Amino acid sequence: MYKVVISGTGLFTPPHAVSNEALVVAFNQHVADFNAAHATQIASGEIAALTESSAEFIEKASGIKQRYLMDAAGVLDSRRMAPSLPERDNDALSVQAEMAVAAAREALVRAGRTAADIDMVIVACSNMPRPYPALSIEVQQALGISGYAFDMNVACSSATFGIQTAVNAIASGQARAVLMVNPEICSAHLNFRDRDSHFIFGDACTAVLLERAELATAAQRFEVVDCKLATLFSNNIRNNFGFLNRCDERGIGALDKLFVQQGRKVFKEVCPMVGEHIVAHLASQAIQPGDVKRFWLHQANLSMNQLIARRVLGRDAEAAEAPVILDRYANTSSAGSVIALHLHHEDMAAGELGVLSSFGAGYSVGSVILRKC
């Protein structure tokens, strides 16, 4: 079995930074328009008036201050409140493939690799643009990579599950190097008219280059010590959009065809699940939590990360131990923990340990123990 290293990461950041304040202006205009249009029903008690949002409420609830979007104009239009991303011709590169290629090229450069060195491409993210042909094969072609490619979806845990899949292929000798990318346009499945969740997500794409340790030459490398994955079915985070929707017209356009969650239940159930998962994973490798230099956690909610880190360490984590990027990027689903890794790793010394961890719908949780080479 071959040892595996992460030898390069890449990040694509969309062009539009949208503050909480800008998002709230659009949301509150929608609230005003709705309440005015339904004033009679509201007065009679037939329906409830909508409640305004605020930048302060958003930051207190989530720790988010802004997010990056592939399209801001459509989201900030109170009459539309959804990104405007026109369909492209079938022969043109799709928008998610474009994001993936940009992140992948940075990862290749950092790893000192070219397309000829890669044997396998995995696109792992929460939402694909179509059932087929696979987005990964489109990315493979755009980059000029031989070998094979496939898509996978484990929602916000897609990156860690993708890393485990890549590690298996490399360790067994099936591939020399694997490119794993996470193009997330979370704004496309977010209900920007829902006060409890309109601020949660942002868009981004990350890429991770994994390869056989003996072949790697990059200056910044992390040995993959071990991976651990777990799933537990739950309806508390769900999106019912799919190809079967057209088979029952009653559900077309219903709110459950976008992101929905029972936030309090998710918080109560997921935090201990993830904390215990990481503690058990470290124990299986005879590693004490205090010996871990850095935790690159999924960036969903600041309070969740703080609670998980406290469960693992037995104390509050220092800022450098569990770096936060969701204040700038918001929740970017599978990309979040990799963004944290990408932006917060170069200060680590050889031999120091880190844990990359994700958690989300499913429920799903994944952790990857890394050692700086």
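These numbers were taken from a predicted model, which means no experiment stands behind them.

Further remarks concern the UniProt feature "domain: Beta-ketoacyl-[acyl-carrier-protein] synthase III N-terminal" (unreviewed entry) in the chain. Those residues carrying the UniProt feature "domain: Beta-ketoacyl-[acyl-carrier-protein] synthase III N-terminal" (unreviewed entry) are residues 150-214 in this numbering. Secondary structure within residues 150-214 divides into 22% helix and 34% strand; the distance between the first and last C-alpha atoms comes to 26 Å.

On to unusual backbone geometry. Omega for the bond connecting tyrosine 132 with proline 133 falls within 30 degrees of zero, at 0°, which places this linkage in the cis form. Mapping proline 133 onto the fold places it in the loop between strand 4 (120-124) and helix 6 (135-143). The peptide bond linking glycine 362 to tyrosine 363 adopts the cis configuration, its omega dihedral lying at -10°. One can find tyrosine 363 in the loop between strand 12 (353-360) and strand 13 (364-372). Of note, methionine 81 is a non-glycine position whose phi angle comes to about 55°, a positive value.

This brings us to the pairing of strand 12. For strand 12, the buried fraction is high: 8 of the 8 residues fall into the buried class. What you see with strand 12 is no split at all: Leu353, Val355, Ser357 and Phe359 on one side and Gly354, Leu356, Ser358 and Gly360 on the other are buried throughout. In this sheet, strand 12 lies alongside strand 11 (residues 292-297) in parallel orientation, the contact comprising 5 bridges. By the bridge assignment, leucine 297 is partnered in strand 12 with serine 357. Note: strand 12 against strand 13, 8 bridges, orientation antiparallel. In the sheet register, leucine 356 faces strand 13, and the bridge partner there is valine 368. A loop of 3 residues connects strand 12 with strand 13, the two strands running antiparallel in sequence, and glycine 362 in this loop sits at a positive phi of about 140°.

This part is about the packing of helix 5 (residues 95-111) against helix 6. In contact at an axis separation of 9 Å, helix 5 and helix 6 are set at 55° when each is read in the N-to-C sense. One element, helix 5, and the other, helix 6, form an angle in the oblique class. Every pair of crossing elements has a handedness; the one defined by helix 5 and helix 6 is right-handed. Counted together, Gln96, Ala97, Ala100, Val101, Ala104 and Arg105 of helix 5 and Leu135, Glu138, Val139, Ala142 and Leu143 of helix 6 form the full contact between these two elements. Along the lines of polarity and charge, the residues of the contact of helix 5 with helix 6 split into 8 nonpolar, 1 polar and 2 charged.

Definitions and limits used
- Within any chain, residue numbers begin from 1 and follow the written order of that chain's sequence.
- Residue-level local features of this predicted model are given only where pLDDT is at least 70; pairs of side-chain atoms are given and counted only at 80 or more, and the full residue set underlies all totals for whole chains, interfaces and linings.
- Based on all heavy atoms of the structure, the side-chain values leave hydrogens and waters out of the count.
- UniProt positions are given in the numbering used here, feature names are shortened, and annotations may be inferred rather than shown by experiment.
- To qualify as a helix, a DSSP run of H or I must reach at least 4 residues; to qualify as a strand, a run of E must reach at least 2; elements of each kind are numbered from the N terminus.
- Per-residue accessibility, obtained with a 1.4 Å probe over protein chains only, is compared with the maximum for each type, and a residue is labelled buried under 20%, exposed over 50%, and partly exposed between these values.
- Strand pairing requires that DSSP identify at least two bridges connecting the strands.
- Only the stretch in contact is used when fitting a helix axis, every axis being a line fitted to C-alpha atoms; angles between N-to-C directions are given from 0 to 180 degrees.
- Oblique is the label for any angle not covered by the other classes, which are roughly parallel (under 35 degrees), roughly antiparallel (over 145) and roughly perpendicular (65 to 115).
- By convention the crossing between two helices is left-handed if the near helix lies anticlockwise of the far one by an angle smaller than a right angle, and right-handed if it lies clockwise.
- Throughout, a contact is declared for two residues whenever any of their heavy atoms are within 4.5 Å.
- Classes in brief: Ala, Val, Leu, Ile, Met, Phe, Trp, Tyr, Cys and Pro nonpolar; Asp, Glu, Lys and Arg charged; the others, Gly included, polar.

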